[in-house]
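Letter by letter, the chains look like this.
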Amino acid sequence: MNPILLIRPDGNESDARALAEVGVESVAEPLLEVVPAREPGAARRLAYRLSEADPQTWLIVTSPRTWRYWRTLVPELDSVLTEALARGLQVAAVGTATAASLPASVDHTVTPPGISADDLLGFLLEQSPGTALLPASARARRLLPDGLTAAGWQLQQAAVYDTVPRHGVRLPHPAGLRGVLVRSPSAASALAALLPQPPGEFSIFAVGPITAARCRELGWRPVEIGVTKPSAVADAIARHLRGNGSMLEA
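Residues numbered from 1 in each chain as written. Predicted model: local features only at pLDDT ≥ 70, side-chain atom pairs only at ≥ 80, totals over all residues. Heavy atoms only, no water.

### Some thoughts on the overall build of the protein chain
Step number 1: Broken down by element type, the protein chain carries 10 helices and 10 strands.
Step number 2: Computed over the C-alpha atoms, the radius of gyration of the protein chain is 19 Å, within 12% of the 18 Å expected from 2.2 N^0.38 for a compact globule of 250 residues.
Step number 3: Split into buried and exposed, the 250 residues of the protein chain put 44% on the buried side.
Step number 4: Considering only intrachain contacts with a sequence separation of at least 6, the fraction spanning at least 24 residues in the protein chain is 65%.
Step number 5: Summing over all exposed atoms, the protein chain offers an accessible surface of approximately 12,100 Å²; the carbon and sulfur share of this is 51%. (Helix = DSSP H or I, 4+ residues; strand = E, 2+ residues; numbered from the N terminus. Rg over C-alpha atoms; globule rule 2.2 N^0.38 Å. Buried < 20%, exposed > 50% of the residue type's maximum accessible area, 1.4 Å probe, protein only. Contact = heavy atoms within 4.5 Å. Areas by Shrake-Rupley, 256 points an atom, 1.4 Å probe, with all protein chains shown as cover.)

Below, the structure is given as structure tokens:
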């Protein structure tokens, strides 16, 4: 069986293991790489605001990458967080993987059901407006900032990391692949830049509605997967390859 191509900048190993457990081969070729934000000033100013947090302040984390790269720019960040938690800071994260990426001092993180920033926004809009601290990607969507600001929240945001094209990519020939696993809109865009035409011989497996929408904008017909955990994604891909895609959206 031809393999599934894994293209995200990190975390491909967990997807590869999960696919192997359901009998699906894979090959990894990251198309992007994650780097700290070029200008650290905004990240440091956001950390200073974190040091002033009170019980009406929410730290909002949307990716497992966020804390690692913010801490690269602000080495004392863990201690700042510990002090903020003691003053009543509240923390919300998108998904359990993001929550698990935070320091051990965060003994309670709100993780609303769902896999996207849309789900987190819905939860936050049910709370009394306060101050939202949002460390994020330089390419983050405006959904959370615009939605919270419109609802009366005081928002402070900073880019703490970015994803940039990786040099020296050697993309396998599409004829030798069963499909590609795409986990972000930026990965979809990077893939499109390397494909001479929309793929016709293999499937595009898009994780989440936002990634799937980006794939459609590029002229593809993705298989949309509504889960993020590697084992669940692998199960969905295996079902589709076996011709049982009833739980997926084509």
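### Overview of the sheet that holds strand β9 (residues 203-207)
Step number 1: Ordered by their spatial adjacency, 5 strands build an open sheet running β2-β1-β8-β9-β10, and the pairing between neighbours is parallel. Across the chains shown, the open sheet's two edge strands, defined by having one partner strand only, are β2 (26-28) and β10 (223-225). Along the sheet, successive strands turn relative to each other by an average axial angle of 25°, direction set aside.
Step number 2: Taken together, the 4 bridges between strand β8 (residues 179-182) and β9 define a ladder with parallel strand orientation. Along β9, the bridge assignment pairs Leu 181 with Phe 205. (Pairing = 2+ DSSP bridges. Axes fitted to C-alpha atoms, helices over the stretch in contact; angles between N-to-C directions.)

### Here we look at the layout of surface pockets
Step number 1: Roughly 1,500 Å³ of volume is contained in the largest pocket.
Step number 2: Along the wall of the largest pocket there are 45 residues; nearest its centre are Thr 62, Ser 63, Pro 64, Arg 65 and Arg 183.
Step number 3: Elements supplying a minimum of two residues to the lining of the largest pocket: α5 (96-100), β6 (131-137), α7 (143-150), β7 (154-165), α8 (185-194) and α9 (209-217).
Step number 4: Of the residues contributing to the lining of the largest pocket, the split by class is 19 nonpolar, 18 polar and 8 charged.
Step number 5: Contributing to the lining of the second largest pocket are 13 residues, with Leu 31, Leu 32, Pro 165, Arg 166 and Ala 190 lying nearest its centre.
Step number 6: When contributions to the lining of the second largest pocket are tallied by element, the ones reaching two or more residues are β7 and α8.
Step number 7: With 5 residues, α8 is the single largest residue contributor to the lining of the second largest pocket.
Step number 8: Class assignment of the residues belonging to the lining of the second largest pocket gives a composition of 8 nonpolar, 3 polar and 2 charged. (1 Å grid on protein atoms, 1.4 Å probe; cavity = no way out; pocket = protein on both sides within 12 Å on 5 of 7 lines; lining within 4 Å. Points joined across faces, edges and corners; volume = space filled by probe spheres on them. Nonpolar A, V, L, I, M, F, W, Y, C, P; charged D, E, K, R; others polar.)

### Concerning α9
Step number 1: All buried positions along α9 are accounted for by Thr 211, Ala 212 and Cys 215. Projected down its long axis, α9 carries its buried residues within an arc of 100°, all on one side.
Step number 2: Taken together, the buried residues of α9 touch β8, α8, β9 and β10.
Step number 3: Within two residues after α9, Gly 219 carries a phi angle of roughly 95°, on the positive side. (Arc of directions from axis to C-beta.)

### Comments concerning the pairing of β6
Step number 1: Burial of β6 is extensive: 7 of the 7 residues sit out of reach of the surface.
Step number 2: One ladder, built from 7 bridges, connects β6 with β7; its direction is parallel. The residue bridging Thr 131 from the neighbouring strand is Gln 154, located in β7.

### Regarding the packing of helix α6 (residues 117-124) against α7
Step number 1: The geometry of α6 relative to α7 is characterised by a closest axis approach of 10 Å and an angle of 15° between their N-to-C directions. The angle between α6 and α7 places the two elements in the roughly parallel class. You can see that α6 and α7 cross each other, and the crossing is right-handed. The residues of α7 that touch α6, namely those facing Ala 117, Asp 118, Leu 121 and Leu 124, are Leu 143, Leu 144, Gly 147 and Leu 148. (Parallel < 35°, antiparallel > 145°, perpendicular 65-115°, else oblique. Left-handed = near helix turned anticlockwise from the far one by under 90°.)

### What about the packing of aromatic side chains?
Step number 1: Under the defined criterion, the tally for this structure stands at 3 aromatic pairs.
Step number 2: Considering the side-chain rings of Trp 67 and Trp 70, the 5.4 Å spacing of their centres and the 75° angle between planes classify their relative orientation as edge-to-face. Taken as a pair, Trp 67 and Trp 70 lie in helix α3 (residues 66-73) at a separation of 3 residues, close to a single helical turn. A single burial state applies to Trp 67 and to Trp 70, both of which are buried. (Phe/Tyr/Trp six-rings, centres within 6.5 Å; stacked < 30°, edge-to-face > 60°.)

### Details of the confidence of the model for the protein chain
Step number 1: Looking at the protein chain as a whole, its pLDDT mean stands at 90, while 94% of the residues score no less than 70.
Step number 2: At the level of individual helices and strands, the protein chain shows its lowest average pLDDT in α5, which scores 88, and its highest in helix α2 (residues 41-50), which scores 97.
Step number 3: A low-confidence stretch, residues 245-250 (pLDDT under 50), is modelled with 14 contacts involving residues beyond four sequence positions or located in other chains. (pLDDT = per-residue confidence, 0-100.)

### Considering the sheet that holds β6
Step number 1: Taken together, the 5 strands give an open sheet; going across it, the order is β3-β7-β6-β4-β5, and neighbouring strands pair in mixed fashion. If you trace the sheet from one side to the other, it starts and ends with β3 (32-36) and β5 (90-93), each paired once. Going from strand to strand, the sheet's axes swing by 25° on average, the running direction of each strand aside.
Step number 2: Two elements, β3 and β7, share 5 bridges in a ladder whose sense is antiparallel.

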